[in-house]
Amino acid sequence: MIIAQQKPIGEIESYIGAAKKILVAGCGGCVTVCLSGGQKEVDILATCLRILRSKAGNPVEVVSETLERQCDKEYVEKLEALVKDVDCVVSLACGVGVQYLAERYPDKYVVPAQNTKFIGGTTEHGVWEERCGLCGECILASTGGICPVIRCSKSILNGPCGGSSNGKCEIDPDTACAWALIYEQLKRQGREASLCEVFPVKDWSKSRDGGPRKYVREDVLL
């Protein structure tokens with residue numbers, strides 16, 4: 001799923017400028033699961049914006065709606081009645097949802113209330129970890145379902161770097177060596193021989209490194 005992090009309230013407020021009426025639009029998909037853009041977050045943001053603008057002597061009327069998904073044009077259409085009467089739309093979806101709203105309602109000012117972080121999953125309550133780099137050339141069938149592009153800090157495609165120790169990454173000792181995990185997985189499956197397969201080179205000109213990114217919500221940790 002897409003992991004997103006809500007922007008600071010001051011930044012969001014700065015986007016809406018002199019708008020007198022705004023729509024805060026949530027999304028019932030990924031951002032609801034990662035606790036940043038569902039109905040609860042919509043209600044909180046709407047209240048905060050009302051209070052902030054009221055204290056500044058520049059009150060704003062806020063209406064809100066949470067769609068099942070903002071990355072689906074069919075659902076975006078359902079906002080038409082609300083959008084026509086507002087000056088600005090504040091989207092709590094990922095970047096895809098923001099773009100879909102802007103495309104569907106080109107005469108309206110649509111702003112993001114989130115920073116889209118990465119594609120990942122839940123590792124524990126309040127902690128999400130990146131697991132897919134969207135590289136478009138999935139090799140998980142050959143690596144035991146473990147992605148070396150993202151889970152290896154150096155994105156190495158053909159075996160470990162030689163610097164790992166006791167199954168841990170030399171760059172970050174708190175991160176498991178992806179290739180150690182891959183080896184153990186393939187060994188359990190009796191497929192170690194597949195490690196002899198050589199993956200073709202990739203174009204790394206637009207790559208990033210540093211291992212899997214994490215976004216932790218301290219306020220919801222158990």
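The structure under discussion appears in the preceding block.
A brief structural summary. All of these numbers come straight from a predicted model, not from anything done at the bench.

**What to know about the packing of helix 1 (residues 9–16) against helix 3 (residues 39–55)**
Between helix 1 and helix 3, the least distance of the axes is 11 Å, while the angle of their chain directions is 70°. By the angle between their axes, helix 1 is roughly perpendicular relative to helix 3. In terms of crossing hand, the pair formed by helix 1 and helix 3 is right-handed. In this structure, helix 1 contributes Ile 9, Ile 12, Glu 13 and Ile 16 to the contact, and helix 3 contributes Leu 45, Cys 48, Leu 49, Leu 52 and Arg 53. Partitioning the contact of helix 1 with helix 3 into residue classes produces seven nonpolar, no polar and two charged.

**Here we look at the layout of surface pockets**
Here the second largest pocket defines a volume of roughly 270 Å³. Gln 6, Leu 35, Glu 41, Ile 44 and Arg 217 are, among the 16 residues lining the second largest pocket, the residues nearest its centre. Those elements that provide at least two residues to the lining of the second largest pocket are strand 1 (2–6) and helix 3. When residues of the lining of the second largest pocket are assigned to their parent elements, the largest contribution, five residues, is made by helix 3. Across the lining of the second largest pocket, the residue classes break down as eight nonpolar, three polar and five charged.

**Re the sheet that holds strand 5 (residues 109–112)**
If you trace the four strands from one edge of the open sheet to the other, you get 3-2-4-5, paired in parallel fashion. Since the sheet does not close on itself, it has two edges, and those belong to strand 3 (61–67) and strand 5, each with one partner. Strand-to-strand twist of the sheet, defined as the mean angle between neighbouring strand axes without regard to direction, takes the value 25°. Here strand 2 (residues 21–27) pairs with strand 4 (residues 88–91) via four bridges, running parallel. Paired with Ala 25 across the two strands is Ser 91, which belongs to strand 4.

Criteria and cut-off values
Residues numbered from 1 in each chain as written. Predicted model: local features only at pLDDT ≥ 70, side-chain atom pairs only at ≥ 80, totals over all residues. Heavy atoms only, no water. Axes fitted to C-alpha atoms, helices over the stretch in contact; angles between N-to-C directions. Helix = DSSP H or I, 4+ residues; strand = E, 2+ residues; numbered from the N terminus. Parallel < 35°, antiparallel > 145°, perpendicular 65-115°, else oblique. Left-handed = near helix turned anticlockwise from the far one by under 90°. Contact = heavy atoms within 4.5 Å. Nonpolar A, V, L, I, M, F, W, Y, C, P; charged D, E, K, R; others polar. 1 Å grid on protein atoms, 1.4 Å probe; cavity = no way out; pocket = protein on both sides within 12 Å on 5 of 7 lines; lining within 4 Å. Points joined across faces, edges and corners; volume = space filled by probe spheres on them. Pairing = 2+ DSSP bridges.

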